[in-house]
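What follows is each chain in one-letter form.
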Amino acid sequence: MEKYMKTSIFSIILKQLLLWGLSTVLLIIIIFIPRDVIFETSKYGDIQNVVYHYSIENHIENIKSFFHYVKENKGLGEYASGESVGAHVFEASIRSLKLIIPAILLGFFLGIVKGVFDFLTKRKKIGVGSGMTWFMLSVPDLFFMVFSQLALMFLYEKGLFPHIDLFGHEKAENQIVAIVFLAMYPLFFIANITYTSLLEEESMDYIPTAKSKGVGSFKILSVHMLKNALQKINVSSNTMTLYVLSNLFIVEFLTNYRGAAYYFFSSIATPSSFRVGQSFFINLNIAFGFVLLFTFIIFLSNAFFQTINSFVTPKGKDI
C-alpha cells in the first residue's frame, strides 16, 4: 500500500510538471508574438486602416533575441537604477504570494466548513445557509469589493468602525483586506460544491445501512460522506485556483497593492494614447518572469490538491 501511494504521488507530480512545462511554453510563445503594425493614413494624417501581418520568422527571431539577451546579460536585465528585473519580479512575487496562498487555503478549507454547515442547516431558515452561498456566488466580485470599500469608509466617517487602510501593500491590514477580497468567491464556490456533493452522498445506499448498524450521524457525515465528497471537491480545486489568480489582478488594482499581478498588467498594458507609427511593445523581460510565476503557482496548487485526492480516493477509483 505504501509503495502504491509513493508511486501514485510521484506520477501526479510528474504529470503536473509536464502540464506546467507545456502551458508555460505556450504562454511564452504567445507573449513573443510580433506586434508590428502598419498605419494607413489619409493625406490629412487621419488613420484610415491598421494592417497587421503575422510573420513566423519574426516570431522565432523575437524568441531567439530574448534568450540571447538573457544569456549575454546573465539575467532578465535592469528594471530600475540599482535593481534587476529578476529582483523586482521576485519581490513582487513574494508580495503576491502572501495573498495567494492564504486565499487558496482559506477558500478551500473554510469553503468545506461552510458547505457542511449549509448541509446541516438545509431544512432551517437561518439566513446564512445555502441561500447565502447562492447569493454570494451571484454577486459580481467587483461589486462586492467596491461596496465593501465604500461601506468601510462610510462606517469610519460615522465613527462606527475603526480606521482600516484599504490601499497599499506596506501594512498588515492591507494584506488582510486583500486576502478577504481574494478568498471570498473561492470560499462560496467550494461551499456550493461541498453542499451539492453531500446532497448526492445523502442518497447513497450506504447511508441507511450505516444508520441501521447504529453509526452516529456525525460519524457518517465526517468519516463517510465528507470523505467521498472530497473526491469531487478536489476536482474543482484547479478552477478555484484560477479564480484566485484571475481575481488577483482586480484586487491588486482596486487596493493599489503593488504585487505580481499589478506589475504584470502594467508590463503588457497598451498605452492610453498613441501616435501614428508607434509600435505597441510590451516589457517582455518582466512579462516572462511573471508568466513563470503564475504557471508555477498553478502547478503547485494542482500537485497539492491532486496529492490530497490520492489519499481520499480508493485504489483503482478515479474521478
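Just above sits the structure.
Since the structure is predicted, the reported quantities are computational estimates derived from the model, not experimental observations.

Here we come to empty space enclosed by the protein. On inspection of all chains with the given rule, the structure shows one cavity of 30 Å³ or more. Taken as a whole, the largest cavity encloses approximately 70 Å³ of empty space. If you trace the largest cavity, you find it lined by Met136, Val139, Asp141, Phe144, Met145, Phe181, Met184, Tyr185, Phe188 and Asn247. Every element with two or more residues in the lining of the largest cavity is listed here: helix H5 (141–157) and helix H6 (172–202).

Right, let's get into the pattern of salt bridges. Under the criterion given, the structure shown has six salt bridges. Put simply, lysine 122 and glutamate 202 hold a salt bridge, and the shortest N to O gap is 3.3 Å. Taken together, the residues span a long stretch of sequence, with lysine 122 in the loop between helix H3 (85–120) and helix H4 (130–138) and glutamate 202 in helix H6 at a distance of 80 residues. According to the relative accessible area criterion, glutamate 202 is partly exposed, its value standing at 31%. Between glutamate 200 and lysine 232 there is a salt bridge whose closest N-O contact spans 3.0 Å. With glutamate 200 in helix H6 and lysine 232 in helix H8 (residues 217–235), the pair connects residues that are 32 residues apart, well separated along the chain.

Generally speaking, nonpolar side chains in soluble globular proteins are found buried as a group. Formed by 65 residues in total, the largest nonpolar core has its most connected members in Ile112, Leu198, Ile233, Phe290 and Phe294. With 15 residues, H6 is the single largest residue contributor to this core. Each residue touching phenylalanine 290, except ones within four places of it in the same chain, is listed here: Val89, Ala92, Ser93, Ala260, Tyr263 and Phe264.

All right, on to a nonpolar patch on the surface then. A cluster of nonpolar side chains, contributed by Leu27, Ile30, Ile33, Tyr52, Tyr54, Ile56 and Ile60, occupies part of the molecular surface with about 620 Å² of accessible area. Elements that contribute at least two residues to the nonpolar patch include exactly helix H1 (2–31) and helix H2 (56–73). Residue classification places isoleucine 60 among the partly exposed positions, given a relative accessible area of 41%.

Look at H5: 24 Å from first C-alpha to last across 17 residues, which is about the 24 Å you get at 1.5 Å a residue. Of the surrounding elements, those touching the buried residues of H5 are H6 and helix H9 (237–254). Within two residues after H5, glycine 159 carries a phi angle of roughly 75°, on the positive side.

Taken as a whole and assessed by the stated rule, the structure comprises 21 aromatic pairs. Seen in terms of ring centroids, tryptophan 20 and phenylalanine 296 are 5.7 Å apart; in terms of plane orientation they differ by 70°. Their pairing is edge-to-face. Of this pair, tryptophan 20 sits in helix H1 while phenylalanine 296 sits in helix H11 (residues 284–312), placing them 276 residues apart in sequence. On the basis of relative accessible area, tryptophan 20 is assigned to the partly exposed category, the value being 24%. Using a relative accessible area of 36% as the deciding quantity, one classes phenylalanine 296 as partly exposed. Cluster of aromatic residues (ring-pair linked, three or more members): Phe32, Phe66, Phe67 and Phe288. Above the plane of the ring of phenylalanine 119 lies lysine 122, whose end atom (NZ or CZ) is 4.0 Å from the centre.

Cut-off values and rules
Residues numbered from 1 in each chain as written. Predicted model: local features only at pLDDT ≥ 70, side-chain atom pairs only at ≥ 80, totals over all residues. Heavy atoms only, no water. 1 Å grid on protein atoms, 1.4 Å probe; cavity = no way out; pocket = protein on both sides within 12 Å on 5 of 7 lines; lining within 4 Å. Points joined across faces, edges and corners; volume = space filled by probe spheres on them. Helix = DSSP H or I, 4+ residues; strand = E, 2+ residues; numbered from the N terminus. Salt bridge = Lys/Arg side-chain N within 4 Å of Asp/Glu carboxyl O. Buried < 20%, exposed > 50% of the residue type's maximum accessible area, 1.4 Å probe, protein only. Core = buried A, V, L, I, M, F, W, Y, C linked by side-chain atoms within 4.5 Å. Contact = heavy atoms within 4.5 Å. Patch = residues over 30% accessible without salt bridge, like charges linked within 9 Å, V, L, I, M, F, W, Y side chains within 5 Å. Areas by Shrake-Rupley, 256 points an atom, 1.4 Å probe, with all protein chains shown as cover. Expected span 1.5 Å × (residues − 1). Phe/Tyr/Trp six-rings, centres within 6.5 Å; stacked < 30°, edge-to-face > 60°. Lys NZ or Arg CZ within 6 Å of the ring centre and 35° of its normal.

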